[in-house]
Amino acid sequence: MATPRIEINFKKIAHNAQFLKDHYATKGIDIIGVTKVVCGDPNIANILLKCGINILADSRIGNIKKMKDAGITAPMLLLRTPLQSELNEVIEHCYISHNTEFSIIKKLSKLAINRSSVHNIILMVELGDLREGILPADLEGIITKIKLLKGVKIVGIGANLACFGGILPNDENMGQLSSNTADVEAQLGYKLKYISGGNSANHQWFNATRDVKRVNYLRLGESIYLGCDPLTRQPIPGLYTDAFTLVAEVIESNTKPSVPIGEIYQNAFGQVPQFQDKGLLNRAILGIGFQDVMVKGLKPRLDIQIIGASSDHIIVDTKNINIKVGTELEFDLNYAALLAAMTSPYVTKIDSSKLYERTRVLQNGGTKRSRA
Ligand SMILES: *Cc1c(COP(=O)(O)O)cnc(C)c1O
């Protein structure tokens, strides 16, 4: 079977999505399913919908189109505030979009009027992470101007933390979003449907808070797919952390010195590498590299160590295991590695339930055939 590949366990994703949906429902929060890290994979999108998630969200129009072309009819939210060059497609394919710029909202309004439709917008509020967001002090002014437009309707406000600035979602910033909600509703004269408090990083806040106040939606990607809390990258109890498995293949296996021989200059990526002399090592080279995945985000499932990589190779110290050429090795992926591997056309994606059995390498160097 082709390598490198990502084996996707749909059952584990479904379990995680269902678990999180039920968990957040205990305090009245509904889930929006984020598909960007899986590039809008329609099979995965359908699993989220089957778990009772009603709205899907992606940052890229191309992914949203892909899901619609596959027959998915659920409402789509555009997460990244729209590019001026894609506004026609935003109107055509998205039920709602996040927005922060009046000039863009005005253009959306014009395009929607031309089609005799109304486009829904969620205004993103800056709560301190310093990525997208209208400064709270500017909300009233921008809403005054938006109220004069036809063709767009403000249906919610939202915030996003812990993405760029690494800012912790807590009762203070979530409370601020709730009080902004009250002000916006007073100005608009109607209730907002979506108070969209954040992403997977809101998990600890949600568990700790006594009162979620007005927050009624969270947009979840990472915690569904990787079962972890992005603030600490610790597993969330009850969730699977291994729904995705990266499989790569050994193309050379040898015992070689731990320090390169000759004068050390820059390597292919502009670094002057340094090596510690550990004597001879069992080294395996895998047929996968930076063009396939973010190597730093991989964790071998065996007790072996990645010692370096280049465009098309990863070099591992296999310690006391002597691994044969042609052997497949398994890795866990963090968010960045999953994003890169799902996006790379060189990495095959397969449904793990379609693989009946697979040969796995054991820590003692032996192999075992087991269910994939
Ligand atoms: C990516 C993204 C999310 C989902 O974040 P996760 O950490 O994967 O849950 C939510 N909101 C916005 C605006 C995003 O860009």
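This report concerns the structure included in the present document. (Residues numbered from 1 in each chain as written. Predicted model: local features only at pLDDT ≥ 70, side-chain atom pairs only at ≥ 80, totals over all residues. Heavy atoms only, no water.)

Let's talk about the site of the ligand
Turning to step 1, where the next piece is worked out: Every one of the 13 residues lining the ligand counts as a neighbour, but K36, S200, R219, G221 and E222 are closest to it.
Turning to step 2, where the next piece is worked out: Taking R131, its side chain carries an N or O atom lying 3.2 Å from an oxygen atom of the ligand.
Turning to step 3, where the next piece is worked out: Note that an oxygen atom of the ligand is positioned 2.5 Å from one of the side-chain N or O atoms of S200.
Turning to step 4, where the next piece is worked out: Protein contacts shield 94% of the accessible area of the ligand, which totals 380 Å² for the unbound molecule.
Turning to step 5, where the next piece is worked out: Partitioning the shell around the ligand into residue classes produces four nonpolar, four polar and five charged. (Near = heavy atom within 4 Å. Polar contact = N/O pair within 3.5 Å; in protein donor to acceptor, adjacent residues only side chain to side chain. Areas by Shrake-Rupley, 256 points an atom, 1.4 Å probe, with all protein chains shown as cover. Nonpolar A, V, L, I, M, F, W, Y, C, P; charged D, E, K, R; others polar.)

What about the side chain of D351?
Turning to step 1, where the next piece is worked out: Tracing the backbone through its elements, the reader meets D351 in strand β18 (residues 348-351).
Turning to step 2, where the next piece is worked out: Of the polar contacts made by the side chain of D351, one reaches the side chain of S353; its length is 2.8 Å.
Turning to step 3, where the next piece is worked out: Excluding its chain neighbours within four sequence positions, the residues that come into contact with D351 are I8 and F10. (Helix = DSSP H or I, 4+ residues; strand = E, 2+ residues; numbered from the N terminus. Contact = heavy atoms within 4.5 Å.)

Quick notes on the side chain of N16
Turning to step 1, where the next piece is worked out: Within the secondary structure layout, N16 lies in helix α1 (residues 10-25).
Turning to step 2, where the next piece is worked out: Residue classification places N16 among the buried residues on the basis of a relative accessible area of 0%.
Turning to step 3, where the next piece is worked out: Setting aside anything within four residues of it in sequence, one finds N16 in contact with S223, I224, Y225, G227, L239 and Y240. (Buried < 20%, exposed > 50% of the residue type's maximum accessible area, 1.4 Å probe, protein only.)

A closer look at the pattern of salt bridges
Turning to step 1, where the next piece is worked out: According to the stated counting rule, one finds 19 salt bridges in the structure shown.
Turning to step 2, where the next piece is worked out: Here R360 ties to E330 by a salt bridge, and the two come within 2.7 Å at their closest N and O atoms. With a gap of 30 residues between them, R360 in strand β19 (residues 357-361) and E330 in strand β17 (residues 328-333) connect regions that are remote in the sequence.
Turning to step 3, where the next piece is worked out: Overlapping salt bridges, with partners in common, bring together R5, E7, R301, E328, E330, D332, R358 and R360 in one network. (Salt bridge = Lys/Arg side-chain N within 4 Å of Asp/Glu carboxyl O.)

Describing the packing of aromatic side chains
Turning to step 1, where the next piece is worked out: In this structure the tally under the stated criterion is four aromatic pairs.
Turning to step 2, where the next piece is worked out: Relative to Y217, the ring of Y194 has its centre 5.1 Å away and its plane inclined at 45 degrees; by these criteria the two rings are tilted. In this pair, Y194 is assigned in strand β8 (residues 194-196) and Y217 in strand β9 (residues 217-220), connecting sequence segments 23 residues apart. Grouping residues by exposure puts Y194 and Y217 together as buried.
Turning to step 3, where the next piece is worked out: Ring plane angle 75 degrees and centroid distance 4.7 Å describe the contact between F269 and F290, whose orientation is recorded as edge-to-face. Residue F269 is located in the loop between β12 (244-257) and β13 (280-286), and its partner F290 is located in the loop between β13 and β14 (298-300); the two are separated by 21 residues in the primary sequence.
Turning to step 4, where the next piece is worked out: A cation over an aromatic ring shows up here: K153 above the ring of Y190, its NZ or CZ 4.9 Å from the ring centre. (Phe/Tyr/Trp six-rings, centres within 6.5 Å; stacked < 30°, edge-to-face > 60°. Lys NZ or Arg CZ within 6 Å of the ring centre and 35° of its normal.)

A word on the nonpolar core
Turning to step 1, where the next piece is worked out: Among the nonpolar cores identified, the biggest contains 94 residues, and I6, I13, L123, Y225, F244 and L333 are the most heavily contacted of them.
Turning to step 2, where the next piece is worked out: With 12 residues, the next largest nonpolar core counts I32, A57, I96 and Y217 among its residues. (Core = buried A, V, L, I, M, F, W, Y, C linked by side-chain atoms within 4.5 Å.)

With respect to the packing of α1 against helix α2 (residues 42-50)
Turning to step 1, where the next piece is worked out: Following both chains from N to C, one finds α1 and α2 inclined at 35 degrees, their axes separated by 9 Å at the closest point. Considering how the two elements wind past one another, α1 and α2 form a crossing that is right-handed. Residues F10, I13, A14 and A17 of α1 form the contact with α2, whose own contacting residues are N43, I44, I47 and L48.
Turning to step 2, where the next piece is worked out: In the contact of α1 with α2, the residues fall into seven nonpolar, one polar and no charged. (Axes fitted to C-alpha atoms, helices over the stretch in contact; angles between N-to-C directions. Left-handed = near helix turned anticlockwise from the far one by under 90°.)

What to know about a positive patch on the surface
Turning to step 1, where the next piece is worked out: There is a patch of like positive charges on the surface, built from K106, K107, K110 and K145.
Turning to step 2, where the next piece is worked out: The biggest single contributor to the positive patch is helix α5 (residues 102-114), with three residues.
Turning to step 3, where the next piece is worked out: Relative to the assigned elements, K145 resides in helix α6 (residues 139-146).
Turning to step 4, where the next piece is worked out: For K145, a relative accessible area of 41% gives the class partly exposed. (Patch = residues over 30% accessible without salt bridge, like charges linked within 9 Å, V, L, I, M, F, W, Y side chains within 5 Å. Lys, Arg positive; Asp, Glu negative; His and termini not counted. Charge placed at Lys NZ, Arg CZ, Asp CG, Glu CD.)

Here's the deal with the pairing of strand β5 (residues 96-99)
Turning to step 1, where the next piece is worked out: In β5, alternate side chains face the same way, and those of I96 and H98 on one face and S97 and N99 on the other are all buried.
Turning to step 2, where the next piece is worked out: Examined bridge by bridge, strand β4 (residues 76-78) and β5 share two bridges and lie parallel to one another. Of the residues in β5, the one forming a bridge with L77 is I96.
Turning to step 3, where the next piece is worked out: As defined by bridge partners, β5 adjoins strand β6 (residues 119-124) across four bridges and the pair is classed as parallel. Paired with S97 across the bridge in β6 is I121.
Turning to step 4, where the next piece is worked out: A crossover connection joins β5 to the parallel β6 through α5; in handedness this β-α-β unit is right-handed. (Pairing = 2+ DSSP bridges. Right-handed = clockwise from strand over helix to strand, strands pointing away.)

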